[in-house]
Amino acid sequence: MMSLQNTMSVQHLFLPSASTQLGANRHVQRRGVAFLIKSEQVPAASSSHCQDEPGRRHLLAMGATVAPWLFMSSKNSTSFAAETKKGFLPVTDKKDGYTFLYPFGWQEVVIEGQDKVFKDVIEPLESVSVNMIPTAKQDIRDFGSPKEVAEILLKKVLVPPSQKSKLIDASEHDVDGKAYYTFEFVAQAPNFTRHALTSVCIGNGKFYTLTTGANQRRWDKMKERLQTVVNSFQIFNV
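Residues numbered from 1 in each chain as written. Predicted model: local features only at pLDDT ≥ 70, side-chain atom pairs only at ≥ 80, totals over all residues. Heavy atoms only, no water.

Caption draft 1: Up close: the sheet that holds strand β3 (residues 88–93). In space, the three strands of this open sheet follow the order β3-β4-β12, with antiparallel pairing throughout. Pairing within the sheet leaves two strands with one partner each, and these edge strands are β3 and β12 (234–235). Summarising the sheet, strand β4 (residues 98–103) and β12 pair through two bridges and their orientation is antiparallel. Within the sheet, the bridge partner assigned to Tyr 98 lies in β12 and is Ile 235. (Pairing = 2+ DSSP bridges. Helix = DSSP H or I, 4+ residues; strand = E, 2+ residues; numbered from the N terminus.)

This is how it looks when you write it as structure tokens:
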């Protein structure tokens, strides 16, 4: 079985500003001017020697280190989509083969190791990020059930070791014959709790992950919008 660890080193899929406390030297300028935020580095997840069901070792190999630098992109996004929804803006990446919606008002940021990220600069825990890694698998179900995959990703990829996570729900749905797993979970840090949704799928020789979320205190207000984001995520052949 080919290990993902042998193909590339992958960063955590969670948004750094949503899972770590930002350190000193914070400088922010609004309205189209780039800003730079230095964050604390989260220790890399330890390697696992688990030899359980097929696919588990693949997923365990996905945890790595968090990029310590986050900066605002001042360039305009060239992505687009044919369909949209009131209050949302579309993104379609024709090169990598995916599309999704994000709430109007969120701004694109650039995070090392992430393919695309949008966030609310006032409420930094409100964000959406997309990440991809190569895989030899053809179907997300090859890694196990929704619950099995969710538990592995929460432990090794989506939540840093310093936080406690709780899986609320894990489900499967099909779009045009392709299987997607969707997870709902919370990640608890010492001074905040983030409520998040993740969608994962396999296509084009890649393992795609989209994660969106918000501060727990704003979950009731943001829930429907975040569900629209995660439900809009689709991949297509390129």
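Caption draft 2: Here's a closer look at the side chain of Arg 194. The topology assignment puts Arg 194 in strand β10 (residues 193–203). Of the side chains with opposite charge, Glu 126 lies nearest to the buried Arg 194, which makes no salt bridge, at 9.0 Å. Side-chain polar atoms of Arg 194 contact the backbone oxygen of Leu 125, separated by 2.9 Å. Among the polar contacts listed, one links the side chain of Arg 194 to the side chain of Ser 127, at a separation of 2.7 Å. (Buried < 20%, exposed > 50% of the residue type's maximum accessible area, 1.4 Å probe, protein only. Lys, Arg positive; Asp, Glu negative; His and termini not counted. Salt bridge = Lys/Arg side-chain N within 4 Å of Asp/Glu carboxyl O. Polar contact = N/O pair within 3.5 Å; in protein donor to acceptor, adjacent residues only side chain to side chain.)

Caption draft 3: Local environment of the confidence of the model for the protein. Per-residue pLDDT for the protein averages 76, and the proportion of residues at 70 or more is 65%. Scored below 50 in pLDDT, residues 1–53 makes 141 contacts in the model with residues more than four places away or belonging to other chains. In this model residues 63–82 is a low-confidence stretch, pLDDT under 50, and it forms 66 contacts with partners more than four residues away in sequence or in other chains. (pLDDT = per-residue confidence, 0-100. Contact = heavy atoms within 4.5 Å.)

Caption draft 4: Highlighting the environment of Gln 234. Take Gln 234: it is sitting in strand β12. The sequence separation of Gln 234 and Leu 210 amounts to 24 residues, and the corresponding C-alpha distance is 9.7 Å. Once residues lying within four places of it in the same chain are set aside, the contact partners of Gln 234 are Gly 97, Tyr 98, Thr 99, Val 175, Asp 176 and Tyr 180.

Caption draft 5: View of helix α4 (residues 219–232). The terminal C-alpha atoms of α4 lie 19 Å apart, and with 14 residues this matches the ideal 20 Å at 1.5 Å per residue to within 8%. Helix geometry: α4 is bent most strongly at Arg 225, by close to 30 degrees. Among the residues of α4, those classed as buried are Trp 219, Met 222, Leu 226, Thr 228, Val 229, Val 230 and Ser 232. (Expected span 1.5 Å × (residues − 1). Bend = angle between axes of the 7 residues up to and from the residue.)

Caption draft 6: Molecular detail of the packing of aromatic side chains. Per the counting criterion, the structure on display carries six aromatic pairs. The interplanar angle of 15 degrees and the centroid separation of 3.9 Å between the aromatic rings of Tyr 102 and Phe 118 together place this pair among those described as stacked. In this pair, Tyr 102 sits in strand β4 while Phe 118 sits in strand β6 (residues 116–119), placing the two residues 16 residues apart along the sequence. Grouping residues by exposure puts Tyr 102 and Phe 118 together as buried. Three or more aromatic residues link up through ring pairs in this structure, and these residues are Tyr 98, Phe 100, Tyr 102, Phe 118, Tyr 208 and Phe 233. The ring of Phe 143 has Lys 137 lying over it, and the distance from NZ or CZ to the ring centre is 5.9 Å. (Phe/Tyr/Trp six-rings, centres within 6.5 Å; stacked < 30°, edge-to-face > 60°. Lys NZ or Arg CZ within 6 Å of the ring centre and 35° of its normal.)

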